[in-house]
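So you can see what is in the structure, the chains are spelled out below.
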Amino acid sequence: MIHTRTVKGQVAVLSSNPDLNPLHTRLLRMVNGFTPTEWLLKLLSSSQNVPDNVVHDLEREGLIARIE
């Protein structure tokens, strides 16, 4: 599955949004509309523990959208 940032997500990346936790911010910055989200999660999980619901949280907040 591939995700892209929404307009709201792009604004959150460009501003220092204190409402997002560091893990959400890091994944949001990595989402590009081309790289499968599973690959991005593997990169994140190599350096820290990533909860299963992190993608769902960003989708629910309207920061990313599934495109494929």
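Asker: In this structure, what is going on with the packing of helix H2 (residues 22-30) against helix H3 (residues 37-45)? I would like to understand it.
Answerer: The relative placement of two packed helices is expressed as an angle between their axes plus a distance between the axes. Following both chains from N to C, one finds H2 and H3 inclined at 135°, their axes separated by 10 Å at the closest point. Classed by the angle they form, the pair H2 and H3 counts as oblique. At the point where H2 passes H3, the crossing takes the right-handed sense. Note on element contacts: H3 touches H2 through Leu40, Leu41, Leu43 and Leu44, opposite Leu23, Arg26, Leu27 and Met30. When the residues that make up the contact of H2 with H3 are grouped by side-chain class, the tally is seven nonpolar, no polar and one charged.

Asker: Would you mind going over the environment of Met30 with me for this structure?
Answerer: If you trace the backbone, Met30 turns up in helix H2. Residues Met30 and Asn49 lie 19 residues apart in sequence; the distance between their C-alpha atoms is 16 Å. When sequence neighbours within four positions are dropped, the list of residues in contact with Met30 reads Leu40, Leu43 and Leu44.

Asker: Looking at this model, I keep getting lost on helix H1 (residues 7-14). Mind explaining?
Answerer: Because each turn of an α-helix spans 3.6 residues, side chains separated by three or four positions end up pointing in the same direction. Among all positions of H1, only Gly9, Ala12 and Val13 are buried. The buried residues of H1 occupy an angular sector of 100° when the element is viewed end-on, so they sit on one face. Away from the buried face of H1 by more than 90 degrees, exposed residues Val7, Val11 and Leu14 are located. Buried residues along H1 sit in contact with strand E1 (3-5) and H2.

Asker: It is not clear to me how the nonpolar core should be interpreted in this structure. Could you clarify?
Answerer: By size, the foremost hydrophobic cluster in this structure holds 15 residues, and its most contacted members are Leu27, Leu28, Val54, Leu63 and Ile64. Elements represented by at least two residues in this core include exactly H1, H2, H3 and helix H4 (54-60). Beyond its immediate chain neighbours, meaning those up to four positions away, Leu63 contacts Thr4, Arg5, Thr6, Lys8, Gly9, Ala12, Leu20, Leu28 and Leu58.

Asker: Please clarify how the side chain of His3 should be interpreted in this entry.
Answerer: Tracing the backbone through its elements, the reader meets His3 in strand E1. Ignoring any residue separated from it by four or fewer positions in sequence, one finds His3 in contact with Val31, Asn32, Gly33, Thr37, Val55, Glu59, Ile64, Ala65, Arg66 and Ile67.

Asker: What am I meant to see in the environment of Ser47 here?
Answerer: By the element assignment, Ser47 lies in the loop between H3 and H4. Note on Ser47: relative accessible area 48%, which makes it partly exposed. Ser47 sits 16 residues away from Val31 along the chain, and the two C-alpha atoms are 17 Å apart.

Definitions and cut-offs
- Residues numbered from 1 in each chain as written.
- Predicted model: local features only at pLDDT ≥ 70, side-chain atom pairs only at ≥ 80, totals over all residues.
- Heavy atoms only, no water.
- Axes fitted to C-alpha atoms, helices over the stretch in contact; angles between N-to-C directions.
- Helix = DSSP H or I, 4+ residues; strand = E, 2+ residues; numbered from the N terminus.
- Parallel < 35°, antiparallel > 145°, perpendicular 65-115°, else oblique.
- Left-handed = near helix turned anticlockwise from the far one by under 90°.
- Contact = heavy atoms within 4.5 Å.
- Nonpolar A, V, L, I, M, F, W, Y, C, P; charged D, E, K, R; others polar.
- Buried < 20%, exposed > 50% of the residue type's maximum accessible area, 1.4 Å probe, protein only.
- Arc of directions from axis to C-beta.
- Core = buried A, V, L, I, M, F, W, Y, C linked by side-chain atoms within 4.5 Å.

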